[in-house]
Amino acid sequence: MNNRENWGSKFGFILAATGSAIGLGNIWKFPYIAGENGGAAFVFVYLFCIALVGLPVLMAEVLMGRTTQRNPVGAFKILSGSPVWTAIGGLGVLAGFVVLSFYSVIAGWSLGYVFEAISGAFSDFTTASVAEEHFNSLVSDVTWNVGWHVIFFGFTMAFVYLGVKGGIERGSKIMMPVLFIILLMLVARGLTLEGAEKGIAFLLNPDWSKISGESVLIALGHAFFTLSLGMGAMMTYGSYLNKDDNILSATSLIVFLDTFIALLAGVAIFSSVFAMGQDPAGGPGLIFQTLPLVFSTMPGGFIFSILFFVLLSLAALTSAISLLEVVVAYFVDEKNWPRHKAVIVFGLVTLLLGIPSALSFNVMAEVKLFGKNFFDLADFFSSNILLPLGGFCIAVFVAWVWGFDKAVIHLKEGSAGLLDRNPWLADLWWVFLKFISPVLIFIVFLYSLGLI
Ligand code: PFF
């Protein structure tokens, strides 16, 4: 067995795990799904999902990782001794591959847009259709699309190559504060524009009439994706934690920061979009079409457009790093591979797997399986099948197979004072993990398969 690395400090773990959680999900997806699903009403439902499912499953993942000091496959193997559960860990590693392959394509666009912003391309945007045409011409260009995917992937591999402490932790300690400062600057810019309050009202005025069964399920699915749950990314990061670190406080802080940043991103984006008189219902095109148009007319828009796409790229990078780390940790722990070999071999394999996703926007747009192009298929298969399945299995495994007595002994390591003073906290976690989380996840799963 290789000598396993650990985080240099609990703070380093919190930054890296927060980096994994904060990604395209927070800055690109959360604002528009909140906007489309009733603003504050959706935020309220989402917070419920985070509390009922997100935090309990996050604690379970980190706990499994820290207890076993292994990747998802090794963790299930050690705790269960059963090949079936071990295979479930393998599904996590597979999900890491698949999510990273298409995530990196969108992340590549973010990086490409940094250079679009620097080149001043947005200044020509006079109408929404010009912004749309520009976007379409970029993504239909094979070289642009595949090229940025490869460059983004190169950065991801470099950080993972440098190791847990020297690459991932050090990188997060620089990138996360930069990300936070840029976001605050964008919030300040947005809020000082005339008409910004309309954007805040859009995001924060509760419209309960828009809350339906579907929006609850969207909120729950997003809680999963945004906290990087269900594929062992947080388990892997937890496996580099020391036994004397407090899991309860660390995971609560991660959840708080992830939610706070998503809300700040919503404020920054909608205050600017409304102040500049644009249509907020941009859906997925909000970031790559509406925002560049907003920047083209906003005072200081040139600088803020660069800052925004740097922010998006950094957020995506710290998430992509955690995805690659799941795969690498498996080969390092289970197959005894040196880290650099695992990064190069599986980095390249994932990179290649991402190419058909990148080509789904141009030459392979018409290549379809089950009615979906490669990108949509990879997205659907991982986000709607592998992630909820993984999250469900983790909750069921910890609550029903591993068992409360054993799990709590390990949870208390590093959190004994807090849990001894408040034993109800562990009981509450248990009730959520045993009953509430699996049932809710099961419902999402059926929904995403179109079965309900
Ligand atoms: N949490 C990331 C986001 O919100 O963009 C996405 C993600 C990263 C999902 C890592 C899963 C994962 F393992």
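Let me begin by describing the structure that accompanies this report. (Residues numbered from 1 in each chain as written. Predicted model: local features only at pLDDT ≥ 70, side-chain atom pairs only at ≥ 80, totals over all residues. Heavy atoms only, no water.)

1. Quick notes on helix 8 (residues 164-191)
So, step 1. The end-to-end C-alpha separation of helix 8 is 38 Å, in line with the 40 Å expected for 28 residues at 1.5 Å each.
So, step 2. Bending of helix 8 peaks at approximately 25° at the position of Ser172. (Helix = DSSP H or I, 4+ residues; strand = E, 2+ residues; numbered from the N terminus. Expected span 1.5 Å × (residues − 1). Bend = angle between axes of the 7 residues up to and from the residue.)

2. Section: the pattern of salt bridges
So, step 1. Taken as a whole and judged by the stated rule, the model has 6 salt bridges.
So, step 2. A salt bridge links Arg4 to Asp333; its shortest N-O distance comes to 2.9 Å. Placement of Arg4 in the segment before helix 1 (10-21) and of Asp333 in helix 14 (residues 301-334) is noted, with a sequence separation of 329 residues between them.
So, step 3. With a relative accessible area of 5%, Asp333 lands in the buried category.
So, step 4. Among the ionic pairs, Lys173 bridges to Glu169, the shortest N-O distance being 3.4 Å. With a gap of 4 residues between them, Lys173 and Glu169 both fall in helix 8, about one helical turn apart. (Salt bridge = Lys/Arg side-chain N within 4 Å of Asp/Glu carboxyl O. Buried < 20%, exposed > 50% of the residue type's maximum accessible area, 1.4 Å probe, protein only.)

3. Examining a nonpolar patch on the surface
So, step 1. Taken together, the side chains of Phe180, Leu184, Leu253, Phe256 and Phe260 make up a nonpolar region of the molecular surface, amounting to roughly 420 Å² of accessible area.
So, step 2. When residues of the nonpolar patch are traced back to their parent elements, those giving at least two are helix 8 and helix 12 (247-275).
So, step 3. Take the nonpolar patch: its biggest share by element is 3 residues, from helix 12.
So, step 4. Structurally, Phe256 is set in helix 12.
So, step 5. Look at Phe256 and you get partly exposed, because its relative accessible area is 49%. (Patch = residues over 30% accessible without salt bridge, like charges linked within 9 Å, V, L, I, M, F, W, Y side chains within 5 Å. Areas by Shrake-Rupley, 256 points an atom, 1.4 Å probe, with all protein chains shown as cover.)

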